[in-house]
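# Working through the structure, step by step
Next come the chains, spelled out residue by residue.
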Amino acid sequence: IETADIIQRELEAELAWVDITAKDLCAYVDQLRLEKLDSEYAELVVTRGMPQTLEDAENLLQPSVSIGEGARIRVPREAIASITIEGATVSSESLGPLISVHSPLKAAARLPARFENWECAGCEKKMVDGNIHWSDKAESNRKGFCDACIE
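Below: a short report on this structure.

Parameters at a glance
Residues numbered from 1 in each chain as written. Predicted model: local features only at pLDDT ≥ 70, side-chain atom pairs only at ≥ 80, totals over all residues. Heavy atoms only, no water. Helix = DSSP H or I, 4+ residues; strand = E, 2+ residues; numbered from the N terminus. Rg over C-alpha atoms; globule rule 2.2 N^0.38 Å. Contact = heavy atoms within 4.5 Å. Areas by Shrake-Rupley, 256 points an atom, 1.4 Å probe, with all protein chains shown as cover. Pairing = 2+ DSSP bridges. Core = buried A, V, L, I, M, F, W, Y, C linked by side-chain atoms within 4.5 Å. Buried < 20%, exposed > 50% of the residue type's maximum accessible area, 1.4 Å probe, protein only. Axes fitted to C-alpha atoms, helices over the stretch in contact; angles between N-to-C directions. Salt bridge = Lys/Arg side-chain N within 4 Å of Asp/Glu carboxyl O. Patch = residues over 30% accessible without salt bridge, like charges linked within 9 Å, V, L, I, M, F, W, Y side chains within 5 Å. Polar contact = N/O pair within 3.5 Å; in protein donor to acceptor, adjacent residues only side chain to side chain.

### Let's talk about the overall build of the protein chain
Within the protein chain, the regular secondary structure consists of 4 helices and 11 strands. A compact globule built from 151 residues would reach a C-alpha radius of gyration of about 15 Å, whereas the protein chain, at 21 Å, exceeds it by more than 25%. Overall size of the protein chain, expressed as C-alpha extent along the three principal axes, is 65 × 40 × 25 Å. Pairs at least 24 residues apart make up 56% of the contacts formed inside the protein chain by residues separated by at least 6 positions. Carbon and sulfur atoms make up 50% of the accessible area of the protein chain, which amounts to about 10100 Å² in all.

As structure tokens, this is what we get:
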């Protein structure tokens, strides 16, 4: 079990990096600061830029990611080979085409088996994923509200 937990943590840590294009980064970010450098990657932090949420319908795991001041960016080490001092300022235009933004995965809400036949009192759809928000008579009518209807 401990090995599975370690593998899960490693996978989740890697899946938290969302790929974006250099064009998207350059459109909204002016300046970055080199935070961490290792043999494979350079990690940078956005120090000047316009907050923006980027959408990618093809990324089924994380279809949107936010960039702006404080966002963590990762690029291959060779993309900034000439910069070796942590804390150095880097222009977004000097980065290569492989860019990732750190965006931790959101926990998936799954309903326990005892709720498998529940419906939403608002839209009347069968509740599959998400949270159940209790209705006044939830125990008797087996209805709650889904995340979409409670908002």
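### Quick notes on the sheet that holds strand β9 (residues 119–120)
Backbone-to-backbone hydrogen bonds join strands into a sheet, with any given pair of strands oriented parallel or antiparallel. If you walk across this open sheet you meet the 3 strands as β9-β11-β10, and the pairing is mixed. Unpaired on one side and paired on the other, β9 and β10 (133–134) mark the two borders of the sheet. As defined by bridge partners, β9 adjoins strand β11 (residues 143–145) across 2 bridges and the pair is classed as parallel. Paired with cysteine 120 across the strands is glycine 144, a residue of β11.

### Quick word on the nonpolar core
By size, the foremost hydrophobic cluster in this structure holds 23 residues, and its most contacted members are Leu44, Ile73, Ile80, Leu95 and Ile99. Going through the elements one at a time, β1 (17–20), α2 (22–28), β2 (29–37), β3 (41–49), β5 (64–67), β6 (72–76) and β8 (99–102) are the ones with two or more residues in this core. Counting residues per element, this core draws most heavily on β2, which supplies 4 residues. Residues contacting isoleucine 73, with those up to four places away along its chain left out, are Trp17, Leu25, Leu32, Ala42, Glu43, Leu44, Val46, Ile99, Ser100 and Val101. Counting residues in hydrophobic clusters, the runner-up holds 6 residues, among them Phe115, Met127, Ala138 and Cys146.

### Description of the sheet that holds β8
The 6 strands are arranged β1-β8-β6-β3-β2-β7 in an open sheet whose pairing can be described as antiparallel. In the strand order of this sheet, the two ends are held by β1 and β7 (89–91), each with one partner. Averaged over all pairs of adjacent strands, the angle between their axes in this sheet comes to 40 degrees, without regard to strand direction.

### With respect to the pattern of salt bridges
Close approach of charged atoms lets side chains of opposite charge pair. Scanning the entire structure with this criterion turns up 5 salt bridges. Across the pair arginine 33 and glutamate 35 runs a salt bridge whose closest N-O atoms are separated by 2.7 Å. We note a salt bridge from arginine 72 to glutamate 43, for which the minimum N-O separation is 2.8 Å. With arginine 72 in strand β6 and glutamate 43 in strand β3, this residue pair connects regions lying 29 residues apart in the sequence. What makes arginine 72 partly exposed here is its relative accessible area of 32%. By relative accessible area, which is 12% here, glutamate 43 ends up buried. Several salt bridges converge on common partners, so that one network encompasses Lys36, Glu43 and Arg72.

### A closer look at a nonpolar patch on the surface
Taken together, Ile7, Leu11, Leu15, Leu61 and Leu105 make up a surface patch of nonpolar side chains, about 430 Å² in accessible area. Note on placement: leucine 105 falls in the loop between β8 and β9. The partly exposed category is assigned to leucine 105, whose relative accessible area is 30%.

### Considering the environment of aspartate 38
Its place among the elements puts aspartate 38 in the loop between β2 and β3. Separated by 38 residues in the primary sequence, aspartate 38 and proline 76 have C-alpha atoms spaced 9.6 Å apart. A polar contact of 2.8 Å, which involves the side chain of aspartate 38, links it to the backbone nitrogen of glutamate 40.

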